[in-house]
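# Observations on the model geometry
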Amino acid sequence: MSLTPCDHCGIEVPADTPPIDAEAGGNFCCSGCATAYALIHSCGLEAFYRMSEEVRPVDAPPLRYAEFDRADFLQAHTLAAPGGELVATLGIDGMHCATCVWLLERLPQIVPGVVEARVDWRRATLTVRWRPEHAQLSAIADRVAKLGYRPFPLTSGSTGRGDAKSNRGRIIQLALAFAAAGNNMLIATGIYLGAFSHMSESMLALLRWASCAVGVFSLLGPGRTFFTGALASIRSRSPHMDLPVALGLAIGGIAGLVNTITGRGEIYFDTLSVLVFLLLLGRWLQMRQQDRAASALDVLYRVTPRTAHRVDDDGVHDVPGDVLQVGDLVEVRVGDVVPADGEIVGGTTTCDQAVLTGESTPVTLGVGDAAAAGTTNLGAVIRVRIEAIGSDTRIGGVLGEVEEAATERAPIVRFADRIAGWFVAYVLLAAAITFAAWTLAGAESAVDHTVALLIVACPCALGLATPLAISVALGRAARRKILIKGGEALQRLSKPGRLWLDKTGTITQGAMKVVEWTGSDADLASLAALEAQVTHPIASAIVGHAARLGLSLPDAEAQAGVGGITGRARGHDFAAGHAGFIAQACGAEVPTAFMDRAKVWVEQGYSPLFVARGGQVVGAAALGDPLREDAKATVAALKRRGWSVGILSGDHPSVVRSVGAQLGLPPEDCRGGLLPGDKVRVVEQRGRGPTVMVGDGVNDSAALMAASVGVAVRNGAEASMRAAPVYLARPDLGALIELLDGARSTVGTIRMTLGVSLGYNAIAVTVAAFGFMTPLVAALLMPASSLSVIAVALSRRFARA
């Protein structure tokens, strides 16, 4: 029977199939394709079919991989690495469980010249780093194909997930397996009923051979994927989940074929056909669940908006953010997040760029200025011409570093991988012992119980539990504006240890303010008028305080000096600064009342500033960096969780101790007057548990890198993620508590999922070995372990709300 492709979707159908629409003609597999074909042509969109052929992923015959070595391909799809090495990321079709990840990451042991191979299960991609003088990318891709997977190049922003052709192929295989299972069950019913109705030997033999033919088709057709995976496991000398499954199917198939030829004994093919269908169904359900998890994580990682207001010739339209292209014009309204990097071509506004720069003060932007993706428009409607999208934007680069680090294996992930590898060897040994033991009771029982054991044992959940839990945790943390580079940081933060806090901007608000003023409003207004003439943090604090009080400033002239300022306002000479500056500038002595008040301020951690008018001190201000409102509660929460908390600061030791006292910290744990190198030496002193440094992403970068885990809290993601594996993009210290709680919850989830998987396998293998489980029940139970692990990982919260 000749086959011809459907004119719309390409699925092959018999050439003699009568046309669905006699008038329209054409060759279609269903009425839906015929309707779609007619609609596309009626709209003048015939080019759709040419385009779909052009963008469809390339099939994987080995000869086609030669194009991977072309200079233009390498320039478009590879990056240069140190030492003359190259790095490429390929989409991978055919990954169905964690052991596939484990196998692909063994490429350095399989292909000479490959230095590193990392799989991103969430995006179904393989990032490979190799030495071009020892290996070609075509050879690497060819070896990947021989392992049973299909590599293909990625376009910008795409992933290996959601390939329609591969998904359709899985469904077709599942349908074929279902048809084979159904037909074989009908044949088996005839055989079993014939045993009670005196069926002739010739008819019984015919049915047995028919069952054998359908069973062999099921094993070598839809079930071929298991044997392909097993052969890849043998070639790479890496235990793989498909190995015990293929061995069980092979044992049953060989035993059934022998019994069919000899005409006696159980032929098993009805059971094997149903097994193949149930195994493929379980695998398909698992992949659907994992794809949902991957899609959910993509949304959680998203910083830019899902929709944008694109300006077209016929007006402004709301479109998905993913369809924007370079050169598009978008309208960004008040309160909107800028969807992509670009240049402002219309309007003037203020934008909150804290996510990138760490600067909380909005920035004024106008025509010709750059607008960055992820920043928030606060002032007025603007129009932006897009210059970079997706991973090419500034914030996309930051999240790219996070995702790249997320593919690195944390110690607990490597431990789980080792368990999964050893587990396959244990299953094969247990199967051999089971077969030998049950042979005494008969070959039929030995085959049944061995096949059941090989099918029910599933190492997928062991390898899947840890990376899935970490990926979910990283995505949910990103939604809370907590950016974490990888699972290793989470693992280290799950246990309490020593936690050092920087003072300025971490436990304080990071901005100088007038905490208290003693004097008249008129003198404060004159002081503010002088300070408005200079640029200095103290001047900004005084001017801001006067503005908050609603004071009007007089005209003034001022000159800044070392330690203070002098000038003239309201017809009087003024001087402001520390006591020594006042004495030198106008010969005034600070009265006892002001000095006593100043001593109290110093004890509280504030700096006094005195004001003299006409040679007499008439006022004083306490200047300081106030504590964050949640600082005291956060330190108390850290202590309750078992952390030893201290302060490291470059400020005067007395000020640091004063701040520590307000937080309930002992003086010996509040260290001031430290240079950046001093902080590094303190952080490098390890004790029990991890040493965590929480501080400025730039000023404290050395200490952040020296700590077991660095947590950056200022200066934006771009600077911070280069110095520390964790960045808190929120101003409140509550994010630190959420981070620690989330780390502990994530490790708890990993332990729970590993326990569920190990417990399931221990019980299931034991039950199968003792003969209390049939192969069909084993096939139903096998995917349950992986699905339960996925459910547990997705149901656990990162931290308490």
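What you are looking at is a predicted structure, and each value in this text was computed from that prediction instead of being measured. (Residues numbered from 1 in each chain as written. Predicted model: local features only at pLDDT ≥ 70, side-chain atom pairs only at ≥ 80, totals over all residues. Heavy atoms only, no water.)

Our next topic: the pattern of salt bridges. Throughout the structure, instances matching the rule amount to 20 salt bridges. When the shortest N-O distance is used, the salt bridge between Arg498 and Asp669 registers 3.6 Å. Of this pair, Arg498 sits in strand β18 (residues 498–502) while Asp669 is found in the loop between α24 (653–662) and β26 (670–671), placing the two residues 171 residues apart along the sequence. Looking at Arg498, the relative accessible area reads 23%, which means it is partly exposed. With relative accessibility at 15%, the residue Asp669 sits in the buried group. Residue Arg681 pairs with Asp678 through a salt bridge whose shortest N-O separation is 2.5 Å. Linking Arg681 with Asp678, this pair stays in helix α25 (residues 676–683), spanning three residues, or about one helical turn. Among the charged side chains, a salt-bridge network with shared partners connects Glu85, Glu116, Arg118, Arg129 and Arg131. (Salt bridge = Lys/Arg side-chain N within 4 Å of Asp/Glu carboxyl O. Helix = DSSP H or I, 4+ residues; strand = E, 2+ residues; numbered from the N terminus. Buried < 20%, exposed > 50% of the residue type's maximum accessible area, 1.4 Å probe, protein only.)

As summarised here, the arrangement of the six strands in space is β9-β8-β10-β16-β11-β14, forming an open sheet in which the pairing is antiparallel. At either end of the open sheet lies a strand with only one pairing partner, and these are β9 (315–320) and β14 (370–371). (Pairing = 2+ DSSP bridges.)

Sheet strands pair by backbone hydrogen bonding; their relative direction is either parallel or antiparallel. Judged by pairing direction, the sheet is antiparallel, and its three strands sit side by side in the order β13-β12-β15 without closing on themselves. Of all strands in the sheet, those bounded by a partner on one side alone are β13 (363–365) and β15 (376–377).

Tracing the backbone shows Ser218 in helix α8 (residues 201–220). Sequence separation of Ser218 and Ala180 is 38 residues, and the distance between their C-alpha atoms is 6.1 Å. Ignoring any residue separated from it by four or fewer positions in sequence, one finds Ser218 in contact with Ala180, Gly223, Ser273 and Val276. (Contact = heavy atoms within 4.5 Å.)

This part is about the nonpolar core. Core analysis: the largest hydrophobic core is formed by 43 residues, its most contacted members being Leu249, Leu272, Leu453, Ile455 and Val456. Within the residue set of this core, elements represented by two or more residues are α7 (164–194), α8, α10 (242–262), α11 (269–301), α14 (411–439), α15 (443–456) and α28 (734–769). It is α11 that contributes the most residues to this core, nine residues altogether. Apart from the residues within four sequence positions on either side, Leu272 is in contact with Leu219, Leu249, Gly252 and Gly253. Counting 42 residues, the second largest nonpolar core, distinct from the first, contains Ile470, Ala489, Ala631 and Phe798. (Core = buried A, V, L, I, M, F, W, Y, C linked by side-chain atoms within 4.5 Å.)

This part covers the pairing of strand β4 (residues 86–93). Most of β4 sits out of view: six of its eight residues are buried. When strand β3 (residues 78–80) meets β4, the two strands line up antiparallel, connected through three bridges. Along β4, the bridge assignment pairs Thr78 with Ala88. With antiparallel pairing between neighbouring strands as the criterion, β3 and β4 make up a hairpin whose turn holds five residues, including Gly83 at a positive phi of roughly 80 degrees. Bridge analysis of β4 against strand β7 (residues 150–153) gives four bridges, and the strand direction is antiparallel. From the neighbouring strand, Leu90 faces β7, where its bridge partner is Pro153.

Bringing the confidence of the model for the protein chain into the picture now. On average, the protein chain scores 78 in pLDDT, and the residues at 70 or more come to 77%. Ranking the elements of the protein chain by mean pLDDT puts helix α2 (residues 47–55) last with 43 and strand β10 (residues 329–332) first with 94. Below a pLDDT of 50 lies the segment residues 51–63, which in the model reaches eleven contacts outside its immediate sequence neighbourhood of four places, other chains included. (pLDDT = per-residue confidence, 0-100.)

Moving on, we get to the packing of aromatic side chains. This structure, assessed with the given rule, holds two aromatic pairs. Judged by centre distance (4.7 Å) and plane angle (10 degrees), the rings of Phe68 and Phe73 are stacked. Per residue, the accessibility class of Phe68 equals that of Phe73, and both read buried. Note on Phe178 and Phe277: the rings are 5.3 Å apart at their centroids and 55 degrees apart in plane angle, and the pair reads as tilted. Remark: Phe277 occurs in helix α11 and Phe178 occurs in helix α7; sequence separation between them is 99 residues. Relative accessible area serves as the criterion here: at 53%, Phe178 is assigned to the exposed category. Above the face of the Trp500 ring, Arg498 is positioned so that its terminal group lies 4.5 Å from the ring centre. (Phe/Tyr/Trp six-rings, centres within 6.5 Å; stacked < 30°, edge-to-face > 60°. Lys NZ or Arg CZ within 6 Å of the ring centre and 35° of its normal.)

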